[in-house]
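As a plain string of letters, each chain reads:
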Amino acid sequence: MESSDHNAELVDEHRSQIIQRVTMVMPIADKLLAEGMIHKEVYSNISAARTDQDKMRELFKALHSGGNKVKSAFLSMLRENEPNLLQDLEFHIKQGDQRENKSTISLKYKELIRGEYATVQEYNSLPGEDVKLDDRYTEPLIIQKHRQQREREEEIRSRGQDFHQVMGQRDSEAYKSTKVERLFDPDEHGDIQRTVILQGHSGTGKSFTTQKIMSDWAFGRIYKDRFDFVFHLRCKELNQATGRKSLMDLLNYNQSSSSMINQVLRQSPERVLFLVDGFDELKFSLDVPKDSLPREPWTQCSPEVTLSGLIRKQILHESFLLVTTRSTALDKLKEVVKPPVRYAEIVGFSEEGMKDYFVKFFKQKQHSQQAYDSVRENETLFTACIIPVICWIICTVYREQFDEGKEMIQSLETTASIFVYFVGTLLRHHCQDLGQSALTILQGLGKLAEKGMEEQQVLFDHDSVSQTESDPSKVPFLCKFLQKKGVSQTTMYSFMHLSFQEFFTALSYVLLGDEEAQEKVRELLSKVRHGQANHHLLPIVQFLFGILNKEVAKRLKEEHISCSQGIWNQLKHFILEVIEKGKEDQIVRRTMQLFTFHCLYELHADDFAKEAMKTYTDINMSGSPLKKTDCWVLMYCLQHCKSIECLELSGCNLTAENMKILLPALQKCKALVLQVDGLADDDIDDLLTALGEGKSLELDLRKNNFSDEKVQDLLVSLAKHKPRKVQIGVKSITSNTSDKFMFLISKVHGVLDLIKLHGCGNVALSVQLQKDGVRAPQIFLWLKVPEMKIICDSIRTSGYSLTGVKLRVWRASDEDNQRAFLYPTDNFRLTLHIDGPLRSGVGRQGLQSALGNIELSLNGDDVFDWRRILQLHQTLKYKPEWDEHADELISLLHSQTSLVGIDLLVSSLTERCAASVVSLSQACSNLKDIILQVNGFLLEEGIQCLHESKRRPDCQLLLLGRRCRKLADQCSEEKDKRLSCNDNVLLALHGESFIEIVLRHGKESGIDDTWNGNESKIDYMWIGNKNDSDDTWNGNKSDMPSDDVKCKGCCVVG
């Protein structure tokens, strides 16, 4: 019997619905009046109301004054007169209770999930050492587009930064990259796929991602409005299920919630998501006859039948499903999953994801940055770090070093050791029911890898793989994918990356018996000795040294894998042979020396390193770019040298950080050639300390920006050495610096050949010093004009004279007297640049100038109108046609009696240009050599003008450019330069003689730049006035102004 209080609450709660829907108002009022529960006055008011709704409002006034007893009686009468209305009310009440219960159950379930998924255990976790999920999980790169074979090969073969650039392209709309939270969004057609397959290689984070989905859903971060419940089924755990199990049993939820979960699955399956994680790990088959599959989630069957019913959408077909699997098991999954299906691939980490992972892993920002930077410098590890497990291994190793207070990277694990860690991790944690020993699997992989390396093949068909692996789907180190081939499909396999293929090739050799292993290695080393054609095999050799490392071999033994030691003597002999050959053969040294050092580092056998390095006295690394890891490798080897006579480190892209790694070696050597970029003032002290005293030095510090005080310290310190060539980057020059500059020159007068100061200026000066008839150092100054004057004044007061003066001007102000700081000199070469060091007259924006650079050779004082010369030169900027301004500029040179040579860069040889040059040769009686380097075409009108002109017999004219051989409609525009009808030619006019030499036929051209940097060689061949001892003006790009030497606003730009 329902209580009157409960009935009264029901009437009050649903007052509005009762007023709107009751039609039998008067029969109910009659009965209430008869039972004395309302008065006649109230009854009259009810009767007088016009509508049923108004009548009910009057009745409710009486119900309110009558209390719970009257309301309860009213509800009983309502049940008799309005049964349908009351049923609806009671149903909604029941639904409300259910919603309340459902909400309560959902909250409790989410609370349970939040606790269960908040932490994870790592592979090396001790009991109780759980790690917060959010401290490890990093969003992976997920793409939905199937890649073509060419794209797959590009990913597998590229390395380091190139590899991450390729993968960066994959993270785009073109490859349908997506996020976890968007996996169930509508596709491009607006359709929502209820089944998603998320495939990926071993160790790419598939299981981690499903855990993160559970956690984020429970916290309301994703799928909040889409799914009321998300359930997680781990296939590894399902393998342990026995007996008959329904889907409800497999979910293994709290039994007190089973009825409510049952009801949710029955009434709202479209609000439920099932995560089936690790399909490839299932030990049982899901190939079950369709008529045997259950239709309801509470029907008990064998676990494989129940799971098959879920995946094949026989159970809860409106629910959503996400299945993760390795790519090797994808074909088996395709056989049972019910279409339509969305396929997505979890590739691993993007480069940005890698950075995020390192930041999350380490507590201190400094440690994360150091670890990431060191990995980035190791091309192989940087590539492999796309795999999250590799990232975890590397970070774990680094953290151990930090915890022990070791110097970063000084005790860095070798590359091979990281790969061995990875193999061991996958064998222990990612291999279920292999059916064969780990050794057998590794041997099979090695055979496949070796075959691929021999044939330079990275993709394998199913038949090739089946010959070495009985069940490729269970091998965690292989990747599998489908490729379209004509009207059919073909299954292809690959290793995760070419570096893993190289590693497994090396590993396969040491897994053989001694005799067979030696034969294999003998063949490998024989191929490597045959030069560049087989250099793709060098990583295998390096991995062999790494695998023979005692610590690595010990780790392999822990995996019950023993390595053959029979190949040690072969590898030892090979390295010593390469070292000896490199001393005589520069090509071998350049291509093999750094490789040799990496092999010694991978082996990490100190005794053998001493044996190998004892013959090294001169070590020349110049021209070999050195990354941070290379510097640690080099330092490891150099510390085992008995002595270092000369160490050459020029053109190695050394930074301040890398230089610090090598400081002990700098201290050890007797002679040093060093180039370092990006040094700060604070770094100078470390360098000077390491240099000590008495060294023979060639020091290139031009790409730096030292303060005046530090330049002085450096100049004073260099006076304690025997410097031959010195280049220093400076901010500014003062008189004190100038004094120290001359102090250094006086101290090392007989030793120093060249000294250069690179600052911020528009003018460059090169001079040869002489004193008492004895040649002194050559000086190169790239400074502001006032600073040049300070240096030149110091030179003059020190009793030196200037010879071989060369002056170049870039964007200079016409207000500066460019020669004001020079005292009289007999020979003087001046070069004007229209807008920086242009190549063949082509400006930075691809626009040509009719008259680009002008180089003048003077013998005596000049009488130029400098202001007008510079004004006209700037007027010609980016003007391709020879006009009156060009004529005027050349005419200004007519009165220059000291002019003995001129070199012009012009856009094309027109008749007007040729006439201007002829007039100059006739006006300047001392002019002996004229060179026209033409970026475009030698037009026939210009050639004819020169041919018919009156030329002085003692003046030689050389022209270099393109000449079209067509008789009509000859080429004249930039777009025609590469046509086969255009030859690159040299024309020589001397007196009455006219000689034409074809330097390159048009059909052999195919090169945009006409002379490809060989102009100076041609100059030397035809005229003999450029044989100066230095290379200041001989096309050395490093001496040209560049963007890394920027003006700070201190220069006046004309």
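Sequence order as written defines residue numbering, which begins from 1 separately in each chain. Selection of residues for local features in this predicted model requires a pLDDT of at least 70, selection of side-chain atom pairs for listing and counting requires 80 or more, and totals for whole chains, interfaces and linings are taken over all residues. In computing side-chain properties, one takes all heavy atoms of the structure into account and sets aside hydrogens as well as water.

Going by what an unreviewed UniProt entry lists, the protein chain is known as NACHT domain-containing protein and is assigned to Hucho hucho. UniProt positions are given in the numbering used here, feature names are shortened, and annotations may be inferred rather than shown by experiment. Checking UniProt for the protein chain, the heading Subcellular location (unreviewed entry) contains the comment "Inflammasome".

Asker: Describe the overall build of the protein chain, naming the residues involved and giving the relevant values.
Answerer: Put simply, DSSP H or I for four residues or longer makes a helix, DSSP E for two residues or longer makes a strand, and each gets a number counted from the N terminus. Across its full length, the protein chain carries 39 helices and 27 strands. The buried share among the 1054 residues of the protein chain stands at 55%. Looking at the protein chain alone, contacts between residues at least 24 apart form 73% of all its contacts between residues at least 6 apart. Roughly 47100 Å² of accessible area belongs to the protein chain as shown, and the carbon and sulfur atoms make up 46% of that amount. Under the scheme applied here, a residue whose accessible area is under 20% of the maximum for its type counts as buried, over 50% as exposed, and between as partly exposed, the area being computed with a 1.4 Å probe on protein chains only. By definition in these notes, contact holds between two residues if any of their heavy atoms fall within 4.5 Å. To measure how exposed things are, a 1.4 Å probe is used in the Shrake-Rupley method; for residues, cover is taken only from the protein chains shown.

Asker: Explain the layout of surface pockets to me, and be specific about the residues and the numbers.
Answerer: Residues are said to line a cavity or pocket when one of their atoms sits within 4 Å of a point; the points come from a 1 Å grid over protein atoms alone, cavities being sets where a 1.4 Å probe fits but cannot get out and pockets being open sets with protein on both sides within 12 Å along at least five of seven lines. Grid points are joined across faces, edges and corners, and a volume is the space filled by probe spheres set on the points. Taken as a whole, the largest pocket spans an internal volume of roughly 1200 Å³. Lining the largest pocket are 39 residues, with Gln121, Tyr123, Ser207, Phe208 and Gln211 positioned closest to its centre. Only α6 (83–117), β1 (119–120), α9 (206–218), α10 (235–238), β7 (320–326) and α18 (388–403) provide two or more residues apiece to the lining of the largest pocket. For the lining of the largest pocket, the element with the most residues is α9, which contributes 5 residues. For this scheme, ten residues count as nonpolar: Ala, Val, Leu, Ile, Met, Phe, Trp, Tyr, Cys and Pro. Four count as charged, namely Asp, Glu, Lys and Arg, and the remainder, Gly too, count as polar. Its residues assigned to classes, the lining of the largest pocket shows 12 nonpolar, 15 polar and 12 charged.

Asker: Please set out the nonpolar core residue by residue, giving values where relevant.
Answerer: With 220 residues, the main nonpolar core has Phe504 and Leu649 as its most contacted residues. The biggest single contributor to this core is α18, with 10 residues. Look past the residues within four positions of Phe504 in its chain and what remains in contact with it is Val423, Leu442, Leu445, Gly446, Ala449, Phe477 and Phe495. The term nonpolar core refers to a set of buried residues drawn from Ala, Val, Leu, Ile, Met, Phe, Trp, Tyr and Cys, joined through side-chain atoms within 4.5 Å. Among the nonpolar cores identified, the runner-up in size contains 61 residues, and Leu238, Val272, Val276 and Phe279 belong to it.

Asker: Before we move on, can you summarise the sheet that holds strand β4 (residues 195–200) with the specific residues and values?
Answerer: With respect to topology, 6 strands assemble into an open sheet ordered β3-β8-β4-β7-β6-β5, the strand pairing being mixed. Strand pairing shows two members of the sheet lacking a second neighbour, β3 (141–143) and β5 (229–234), which therefore form its edges. On average, each strand axis in the sheet is tilted by 20 degrees relative to the strand beside it, whichever way the strands run. Only when DSSP finds a minimum of two bridges between them are two strands counted as paired. Axes here refer to lines fitted to C-alpha atoms; in helices the fit is confined to the stretch in contact. Angles between the N-to-C directions go from 0 to 180 degrees.

Asker: So what's going on with the pairing of strand β10 (residues 478–485)? Which residues, and what values?
Answerer: Consecutive side chains along a regular strand alternate between the two faces of the sheet. Two elements, β10 and strand β11 (residues 488–495), share 8 bridges in a ladder whose sense is antiparallel. By the bridge assignment, Lys485 is partnered in β11 with Ser488. Turn length for the β10-β11 hairpin, with the two strands adjacent in sequence and antiparallel, is 2 residues, and the turn residue Gly486 shows positive phi of about 65 degrees.

Asker: Before we move on, could you go through the pattern of salt bridges and cite the residues and values that matter?
Answerer: The working definition used for a salt bridge is a side-chain nitrogen of Lys or Arg within 4 Å of a carboxyl oxygen of Asp or Glu. Taken as a whole and assessed by the stated rule, the structure comprises 50 salt bridges. One salt bridge connects Glu345 with Arg152, and the closest N-O pair in it is separated by 3.8 Å. Taken together, the residues span a long stretch of sequence, with Glu345 in strand β8 (residues 342–348) and Arg152 in helix α7 (residues 149–157) at a distance of 193 residues. The pair formed by Glu345 and Arg152 is uniform in burial state, with each residue classed as buried. The partner of Asp753 in a salt bridge is Arg724, with the nearest N and O atoms 3.6 Å apart. Placement of Asp753 in the loop between α33 (735–747) and β17 (754–758) and of Arg724 in strand β16 (residues 722–730) is noted, with a sequence separation of 29 residues between them.

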